[in-house]
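Listed here are the chains, written in short residue letters.
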Amino acid sequence: SSPFQSPPPIGTWKGMASAIPAPARKKGSVLAPTTIQSLSHDTLCVLFSCLDILDLVRCSAVCNSWYLSSLPDNTKSSIIKRSKLLQSLYLKQMRRSGRDVSSRSSDSLEESMSAYLEELALERHRRALVNGSVVIDQWKGHSAGVNQCRMKMGMILTGVGDKVIRLWSSESLKCVEEYPVPDAVRLLDFDFDETKVVGLFGTQLSIWRRNGKRSIFPSKEGTFSKGSCMRYFDPDAVVGCEDGTARVFDMYSRQCSRIIKMHPEAVSCLSLGDDQLMISGSSLGRITVSGLSLDEKIATLKPTDSTESSLVFCGTTAGYASCWDLRKMRQLWKRRVSPNVVYSMHHLRNDSSVLVVGGIDGILRVLDQDSGEVVSRYVMDNAAVPSSFEYAHGVGERRPGKRIPKDTQIDGVSRNARPPITCLAVGREKVVTTHNSRHIRLWTFKCRRD
């Protein structure tokens, strides 16, 4: 029979197992435990054929032992790809929706399937954050309060406030690596990618290789005033400075390649995009746009009316969130989403549906990117009985989160359930938050079954 048919019922498996005599073994011998690596190619195909399309995509990214299987002739076969499980599920979905794409070329089919899977994953992410359930893992990640976090590629980076930066797995919550901060300097900001961590110390940039080795390249006299924020997008690190400039450093030549005057006052925040655009905010609330390859700002965003897309978002100390269209340099909407300071906002890369916002009142808010409407509000449910989990530095606790109804006043929610959110970062169906304390929170959202 085909290895892609549905497996028999549990009772049938039991009957098959009981019909097979147990192999004889010597007295005192111990059988080796069965592992996932011991499953045959055909068995893995049967298991994978029972999954839905998104779970199948996730399995293909788990590890090589799942994605690749050694066949008897010692060649490597991509189980999921060569068995065309994903392609088969995709074609079924298209036929159900009235679209027949089976006649397309192989390359065209692969491209349309990738776009469909991305669209499907983003829709699941939106549904999870807007209407899903949430579980919050909280653990003591530092010996002193920290107020910054980043999340990329399934990894979480936390620090600023402690004398160490720590890199965590967002799945196991295991501390993968840590990077000591020199005693003589104060860490102001950091960023990371697959191979390195980049930190800003006043007038110096520091690079930690992912193997832990650190190197520093200091500023040249008179060319690098005190920095206040930093963003890294390989190969450039951009430092926002107190003199209103943004300085672009090439991380390989270790030279300052450009100095761009962004504001008359200090640069307070930066954001970099794949399209080489750099957006900066100032201490007086100005927002300017420039390009990494240019020597001057392109435009200053001003509040006017507009519609359409290519969006940039910002928050204010008065609790307002705003959205601009970069193509027209015009404001789309401005809403007061919180009665207090908005400290941080972020959205998943390529997601154009929801925006996550946190601030001094400790409420995790989910906004509609098109309108700025608050569609969900969450806090930790302190009334629920917590469960505990062990990690490298001790014992953490897990509690469910709860959604706050629209008509509930924030003052009626316990302060213990909502410490100020100083920074947040969004991953796929996950949000990590820091609170200027020793603890880190990871919010894991899950779609409710229809």
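Just so you know, these numbers come straight off a predicted model, no measurement behind them. (Residues numbered from 1 in each chain as written. Predicted model: local features only at pLDDT ≥ 70, side-chain atom pairs only at ≥ 80, totals over all residues. Heavy atoms only, no water.)

Asks: I'd like a description of helix α2 (residues 41–48), backed by residues and values.
Replies: Taken together, the buried positions of α2 are occupied by L44, C45 and F48. The arc that holds every buried residue of α2, seen down its axis, measures 105 degrees, which confines them to one face. (Buried < 20%, exposed > 50% of the residue type's maximum accessible area, 1.4 Å probe, protein only. Helix = DSSP H or I, 4+ residues; strand = E, 2+ residues; numbered from the N terminus. Arc of directions from axis to C-beta.)

Asks: Can you break down the sheet that holds strand β6 (residues 164–169) residue by residue, with the values?
Replies: Spatially, β4-β5-β6-β7 is the arrangement adopted by the 4 strands of the open sheet, whose pairing is antiparallel. Edge strands, defined here as strands with exactly one partner in the open sheet, are β4 (148–152) and β7 (175–180). Recorded for the sheet is a direction-independent mean angle of 15 degrees between the axes of neighbouring strands. The sheet contact formed by β6 and β7 spans 5 bridges and is antiparallel. Considered in β7, the bridge of L167 is made with E177. (Pairing = 2+ DSSP bridges. Axes fitted to C-alpha atoms, helices over the stretch in contact; angles between N-to-C directions.)

Asks: Can you lay out the pattern of salt bridges for me, pointing to particular residues and giving the numbers?
Replies: Under the counting rule described, the total for this entry stands at 15 salt bridges. R150 is the partner of D189 in a salt bridge, and the nearest nitrogen-oxygen pair spans 2.7 Å. Remark: R150 occurs in strand β4 and D189 occurs in strand β8 (residues 189–192); sequence separation between them is 39 residues. Taken individually, D189 and R150 each receive the classification buried, so the pair is uniform in this respect. Between R247 and D243 there is a salt bridge; the shortest N-O distance is 3.4 Å. (Salt bridge = Lys/Arg side-chain N within 4 Å of Asp/Glu carboxyl O.)

Asks: Please give an account of the confidence of the model for the protein chain that cites residues and values.
Replies: Residues of the protein chain with pLDDT of at least 70 account for 75%, and the chain-wide mean is 80. Predicted confidence in the protein chain is weakest over helix α1 (residues 10–19), with a mean pLDDT of 39, and strongest over strand β30 (residues 430–434), with 98. For residues 1–20, every residue scores under 50 in pLDDT, and the model assigns this stretch 14 contacts once sequence neighbours within four places are set aside. In the predicted structure, residues 68–77 sits below a pLDDT of 50 and forms 16 contacts with residues beyond four places in sequence or in another chain. (pLDDT = per-residue confidence, 0-100. Contact = heavy atoms within 4.5 Å.)

Asks: I'd love a proper account of the sheet that holds strand β14 (residues 245–250), names of residues and values included.
Replies: Ordered by their spatial adjacency, 4 strands build an open sheet running β12-β13-β14-β15, and the pairing between neighbours is antiparallel. Edge positions in the sheet fall to β12 (227–233) and β15 (255–261), since each has one partner strand and no second. Each neighbouring strand pair of the sheet contributes to a mean axis angle of 20 degrees, computed without reference to strand direction. Sheet topology note: the strand β13 (residues 236–241)/β14 ladder contains 5 bridges and is antiparallel. Paired with V238 across the bridge in β14 is V248.

Asks: With reference to specific residues and values, describe the pairing of β15.
Replies: A regular strand carries its side chains on alternate faces of the sheet. Judged from the 6 bridges that link them, β14 and β15 form a sheet pairing that is antiparallel. If you follow A246 over to β15, its bridge partner there is I260. The turn joining β14 and β15, which pair antiparallel and follow one another in sequence, is formed by 4 residues; a positive phi near 60 degrees is taken by R254.

Asks: Pulling in residues and values, what's your account of unusual backbone geometry?
Replies: The residue after D234, namely P235, is reached through a cis peptide bond having omega 10 degrees. The topology assignment puts P235 in the loop between β12 and β13. Backbone geometry at E429 places phi at a positive 60 degrees, although glycine is not the residue there. Residue E429 is classed as buried on the basis of its relative accessible area, which comes to 8%.

Asks: Describe the side chain of H125, and please don't skip the residues or the numbers.
Replies: Position of H125 among the secondary structure elements: in helix α7 (residues 106–131). What makes H125 buried here is its relative accessible area of 0%. In contact with H125, other than residues within four places in its own chain, are L348, D351, V354, V426, G427, R428 and E429.

Asks: Run through the environment of D250, naming residues and quoting values.
Replies: Locating D250 in the fold gives a position in strand β14. Distance from D250 to V238, taken between C-alpha atoms, is 8.9 Å for residues 12 residues apart in sequence. For D250, the residues in contact, after removing those within four places along its chain, are P235, D236 and Q255. Polar side-chain contacts of D250 include one of 2.8 Å to the backbone nitrogen of Y252. Within the local environment of D250, its side chain forms a polar contact with the backbone nitrogen of S253, the two atoms lying 2.9 Å apart. (Polar contact = N/O pair within 3.5 Å; in protein donor to acceptor, adjacent residues only side chain to side chain.)

Asks: Lay out the environment of C256 with the relevant residues and their values.
Replies: For C256, the location among the structural elements is in strand β15. Owing to a relative accessible area of 31%, C256 belongs among the partly exposed residues under this scheme. In this structure, the C-alpha to C-alpha distance between C256 and D236, residues 20 residues apart in sequence, is 9.5 Å. Beyond its immediate stretch of four places on either side in the chain, C256 contacts R247, V248 and F249.

Asks: Please give an account of the nonpolar core that cites residues and values.
Replies: For soluble globular proteins, nonpolar side chains are generally found buried alongside one another. In this structure, L364, V431, W443 and F445 are the most contacted members of the largest nonpolar core, which totals 20 residues. Secondary-structure elements contributing two or more residues to this core are α7, β3 (133–140), β24 (354–359), β25 (364–368), β26 (374–380), β29 (423–427) and β31 (439–446). For this core, the element with the most residues is α7, which contributes 4 residues. In this structure F445 touches A128, L129, S133, V134, L364, Y378, E429 and V431, once residues within four positions along its chain are discounted. In this structure, C149, M151, I156 and I440 belong to the second largest nonpolar core, which totals 14 residues. (Core = buried A, V, L, I, M, F, W, Y, C linked by side-chain atoms within 4.5 Å.)

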